[in-house]
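As a plain string of letters, each chain reads:
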Amino acid sequence: MRENFFSLRTVMWEEGTVKMIDQTALPQRLVYKSYDSWEGVADAIRRMVVRGAPAIGVAAAMGVALAADRSHAEDRDQLLKEIERAAEGLRKTRPTAVNLFWGIDRVVAVARKSGPTVSGIRDSTVAEAKKMAEEDVEANKRLGAFGAGLLEDGDVVMTQCNAGALATVGYGTALGVIRAAREAGRCVKVIVNETRPALQGSRLTAFELVRDGFHCTLISDTAVGYMMSSGRVDKVIVGADRITRDGYVFNKIGTYQVAVLAERHAVPFYVAAPRSTFDLERTHDQIVIEERAYDEVVRVKGRRIAPKGVPVANPAFDKTPPDLVAGIVTDLGLIPRPVAESLQATIG
Ligand code: MRU
């Protein structure tokens, strides 16, 4: 076990800038980029320099704080207008993960409440964004502690996409549960689905797990059914981008097919997500699934792998209905099956 191993910190506020791991450079290079404008942060979210629902929530909150901190506004009204403009721009970056909107709204609300001085608003927005980063890591650790009991010594756990330290400020949600199980002395092996087309599984989850000394095996997405049917998977645990009040889980594309296969092979399918990922105002039919660039599908590492002119669909997320979910681990406790009915009692 590597207790003192330097843990990844994905998003931070440093000397008046937002500093983030550049996830587009992984796994080849672990490098940080610093941003000094909200427009820069918005671009980083759009291009997935930073990605993962909790990480983009905190990055966007820090983007709003940057707008306040760098502003030359001379009075409260002008500063609030600039903050609203930054918030509006950041809201347009990605549509599916609710954490993005939650992060922005929280900092904007603090700005509106503070005052009357410009410096008071600046300080309180920066303080709020920094606090959110700390709370994220704490929430993930609490969530991990609630979920660790679901994993037994010797379990082989499959995961989709990256719901680790890189998808959060630190520690992770689905991978946080796996970390917590290891900290409790259990040996858990992980099967990492590569997660085409953006390859968050092979590029990021495998990077994180190898770096932190976990036993993991990378598979292609097309091997999921075979691995389950041959009895090589004990449990599935994934993160989420949004969980609606009717219990639908929006997560990285491919999650739904993993859940269907898990049901077919009697493999429990768990979801791990903090309170900020729940959207109790909406039901599943009201959510926009992000459609990303055609190039992600027709190219691998810049090289074209499909003929010119072929029509492409590239939905970045899918939705898993509640009846396929064995339980949702949150920082407030475990939501048991049937999750749609139990949801309010834990997080309402
Ligand atoms: O497109 P991405 O990489 O931002 O999608 C991320 C996911 O789908 C994660 O599984 C989800 O955000 C949970 S992260 C704790």
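None of these values were measured; they are calculated from a predicted model.

S.K.: Could you give me a rundown of the domain arrangement of the protein, with the residues and numbers involved?
M.R.: For an interface, size is often stated in terms of accessible area lost upon the parts coming together. Domain boundaries assigned for the protein yield domain 1 (5-140) and domain 2 (149-347). If you average the C-alpha positions of domain 1 and of domain 2, the two centres end up 25 Å apart. When domain 1 packs against domain 2, close to 3000 Å² is buried across both sides, 56% of that on carbon and sulfur atoms. Looking at the side of domain 1 facing domain 2, the largest losses of area belong to Leu 8, Thr 96 and Asn 140, adding up to 23% of the total buried there. Linking domain 1 with domain 2 are 1 salt bridge. One salt bridge in this structure joins Arg 94 and Glu 290, with 2.9 Å as the shortest N-O distance.

S.K.: Give me the lowdown on the nonpolar core, citing residues and values where you can.
M.R.: Among the nonpolar cores identified, the biggest contains 47 residues, and Val 11, Ile 45 and Ile 83 are the most heavily contacted of them. Counting only elements with at least two residues in this core, the list comes to β1 (11-14), β2 (17-21), α1 (38-46), α2 (53-70), α3 (76-91), α4 (98-113) and α5 (118-148). With 13 residues, the top contributor of residues to this core is α2. Contacts of Ile 83, omitting those with residues within four sequence positions, involve Val 64, Ala 68, Val 108, Ala 111, Ile 121 and Thr 125. Of all hydrophobic cores here, the second largest spans 29 residues; its members include Met 158, Met 228, Val 236 and Ile 347.

S.K.: Could you give an account of the sheet that holds strand β7 (residues 235-238), with specific residues and numbers?
M.R.: Across the sheet, which stays open at both edges, the 7 strands sit in the order β6-β5-β4-β7-β10-β15-β16 with mixed pairing between neighbours. What marks the edges here is a single partner per strand, and that holds for β6 (215-219) and β16 (333-336). Each strand of the sheet is rotated relative to its neighbour by a mean of 25°, with strand direction disregarded. Bridge count for strand β4 (residues 156-159) against β7 is 2 bridges, and the pairing is parallel. Bridged to Met 158 within β7 is Val 236. Sitting on the sheet, α5 touches β10 (269-272), β15 (327-330) and β16, and the angle it makes with β15 is about 140°. Against the sheet, helix α7 (residues 200-211) engages β4, β5 (189-193) and β6, with an angle of about 160° to β5.

S.K.: Describe the state of the cysteines, and please don't skip the residues or the numbers.
M.R.: Here is the idea: a disulfide is a covalent bond, and it sits between the sulfur atoms of two cysteines. A full pass over the atoms with the stated rule returns 0 disulfides. With no disulfide of its own, Cys 161 lies 15 Å from the sulfur of Cys 216, the closest cysteine sulfur. Free cysteine Cys 216: the closest other cysteine sulfur is in Cys 187, separated by 12 Å.

Calculation notes
- Residues numbered from 1 in each chain as written.
- Predicted model: local features only at pLDDT ≥ 70, side-chain atom pairs only at ≥ 80, totals over all residues.
- Heavy atoms only, no water.
- Domains from an automatic or database assignment.
- Buried area = accessible area lost by both parts, 1.4 Å probe.
- Salt bridge = Lys/Arg side-chain N within 4 Å of Asp/Glu carboxyl O.
- Core = buried A, V, L, I, M, F, W, Y, C linked by side-chain atoms within 4.5 Å.
- Buried < 20%, exposed > 50% of the residue type's maximum accessible area, 1.4 Å probe, protein only.
- Helix = DSSP H or I, 4+ residues; strand = E, 2+ residues; numbered from the N terminus.
- Contact = heavy atoms within 4.5 Å.
- Pairing = 2+ DSSP bridges.
- Axes fitted to C-alpha atoms, helices over the stretch in contact; angles between N-to-C directions.
- Disulfide = S-S within 2.5 Å.

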